[in-house]
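So the chains spell out like this:
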Amino acid sequence: MSVPGPFRIVDKLQALGTDISRESLRYHRHRVLVSKEFTFDAAHHLHAYDGKCKNLHGHTYKVVFGLSGFVNEIGLALDFGDIKDIWKERIEPYVDHRYLNETLPLMNTTAENMVVWLYEQMDAALNKEPYADRCEGGRVEFVRLYETPTSYAEARREWMCS
């Protein structure tokens, strides 16, 4: 590996088969974590709670998925596009611009309950086609749900599996 010189525009793009072999695309065989975050707006209220959250109100939520897997023959563990597809198809329709008390399973819509539901949805998707075949050892490591910019709940694989 050569030390990079001063900034310059490349003369030509590296070509597979000429400048790099297919065998070199996988640099290692370690498990790695990839992370993707999404935001959604939703309304909810809490039951059996004696505070202002007992009233109908809304949040701009942020959810962060930490997923891990072993890299495949081209060096990808999980494709960010696949993670986005899972979000768009299996999760977002239930949460974005929704009344969560109505669209989620029967539960008190606390961040603590919702983060477990989010974990379960992503975990189930990673274990089904077509995603199960695309990622060797793909699994959810953590899900973090921000209810406000400074307050979040988290579910971790080691807690969910015990």
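Before any of the text, the structure's been laid out above.
Here we summarise the structure given alongside this text. Source: prediction; values computed, not measured.

Below, the discussion takes up the nonpolar core. The biggest cluster of nonpolar side chains holds 34 residues, and the ones touching the most others in it are Phe65, Leu67, Trp87, Met122 and Leu145. Elements with a minimum of two residues in this core: strand E1 (31-44), strand E2 (57-70), helix H1 (80-95), helix H3 (111-126), strand E4 (136-148) and strand E5 (151-156). Sort the elements by how many residues they give to this core and H3 lands first, with nine residues. The residues contacting Phe65, other than those within four sequence positions of it, are Val34, Ser35, Lys36, Phe38, Trp87, Ile91, Leu118, Met122, Phe142 and Val143.

Along H1, the sharpest change in direction is near 45° and occurs at Lys88. Of all the positions in H1, only Asp82, Ile83, Ile86, Trp87, Ile91, Glu92 and Val95 are classed as buried. The inward-facing, buried residues of H1 contact E1, E2, strand E3 (98-99), helix H2 (100-103), H3 and helix H4 (131-134). One side-chain oxygen of the residue at the start of H1 lies 2.6 Å from the amide nitrogen of Gly81, identifying that residue as Asp79.

Turning our attention to the pattern of salt bridges. The final tally for this structure, using the stated rule, is nine salt bridges. With a closest N to O distance of 3.6 Å, Asp50 and Lys54 form a salt bridge. You can call Asp50 exposed: its relative accessible area is 74%. Here the salt bridges share partners, and the residues they tie into one network are Arg139, Glu141 and Arg157.

About the criteria used
- Residues numbered from 1 in each chain as written.
- Predicted model: local features only at pLDDT ≥ 70, side-chain atom pairs only at ≥ 80, totals over all residues.
- Heavy atoms only, no water.
- Core = buried A, V, L, I, M, F, W, Y, C linked by side-chain atoms within 4.5 Å.
- Buried < 20%, exposed > 50% of the residue type's maximum accessible area, 1.4 Å probe, protein only.
- Helix = DSSP H or I, 4+ residues; strand = E, 2+ residues; numbered from the N terminus.
- Contact = heavy atoms within 4.5 Å.
- Bend = angle between axes of the 7 residues up to and from the residue.
- Polar contact = N/O pair within 3.5 Å; in protein donor to acceptor, adjacent residues only side chain to side chain.
- Salt bridge = Lys/Arg side-chain N within 4 Å of Asp/Glu carboxyl O.

Read these as spatial facts, not as claims about activity.
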